[in-house]
Amino acid sequence: VTTFKSVKKIFDALCDTRIDPSLTDTHVRNLERRTTFWSDYSNCFGRVRFLLTQRSKKLLAQKIDLQQERVTIMGPLPLNDESEICIFVIDNYIFIERFRGSDFDLGVFTKDPRLEKQLFDSSYVDALAIAKLTPDWVVDHKDYWQKRLISFLSKKGIKPNKNHSLAKNWFMALTKDEQKQ
């Protein structure tokens, strides 16, 4: 995976309940919201690496040429089976987004050559290796996560793509009630 377009293609396929009848409406909605959110920042993406679970590999094998998309398939370990993971660079930060339950939903790291080499240049990386990392910032995906994440990104100088109405509509300060949650 080298672009956000590839990430979106993979997640559109993963959200297809015809290939994965175990997906609930909530799972699909959460996956769609995350990919929609990041699509509003897609012009900012630098490097991208996508890690798939063994289960997702089996589900997608007939729909997407995973080798062509240069997806990393994680080995069959319990931790690797918990979630698909997207690693991407925006400006001076490395983001690790886990799309299903985990210790952190989104870990943000200050970009440094050692970490970038480990995450992007190694022949293999998986959830176990990522679990050993300590993010500089952790962002959960609980209530109002879009607004909180936009605020966080804005403070780091990261702005949404122009002409994306969804990002513009989310780009509002949290109300006092939202801040309490």
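Residues numbered from 1 in each chain as written. Predicted model: local features only at pLDDT ≥ 70, side-chain atom pairs only at ≥ 80, totals over all residues. Heavy atoms only, no water.

Draft legend 1. Summary view of the packing of aromatic side chains. Using the criterion set out here, one finds 12 aromatic pairs in the structure. Ring geometry for Phe11 versus Phe50: centroids 5.3 Å apart, planes at 75°, classification edge-to-face. In this pair, Phe11 is assigned in helix α1 (residues 4-14) and Phe50 in strand β1 (residues 45-52), connecting sequence segments 39 residues apart. For Phe11, a relative accessible area of 0% translates into the label buried. Ring geometry for Trp137 versus Phe152: centroids 5.7 Å apart, planes at 65°, classification edge-to-face. (Phe/Tyr/Trp six-rings, centres within 6.5 Å; stacked < 30°, edge-to-face > 60°. Helix = DSSP H or I, 4+ residues; strand = E, 2+ residues; numbered from the N terminus. Buried < 20%, exposed > 50% of the residue type's maximum accessible area, 1.4 Å probe, protein only.)

Draft legend 2. Examining the nonpolar core more closely. Core analysis: the largest hydrophobic core is formed by 36 residues, its most contacted members being Trp38, Phe50, Phe95, Leu149 and Leu153. Elements represented by at least two residues in this core include exactly α1, α2 (25-39), β1, β3 (85-90), β4 (93-98), β5 (106-110) and α6 (145-155). The greatest single-element share of this core, amounting to six residues, is contributed by α1. Aside from chain neighbours lying at most four places away, what touches Leu153 is Phe37, Trp38, Tyr41, Phe95 and Ile158. (Core = buried A, V, L, I, M, F, W, Y, C linked by side-chain atoms within 4.5 Å. Contact = heavy atoms within 4.5 Å.)

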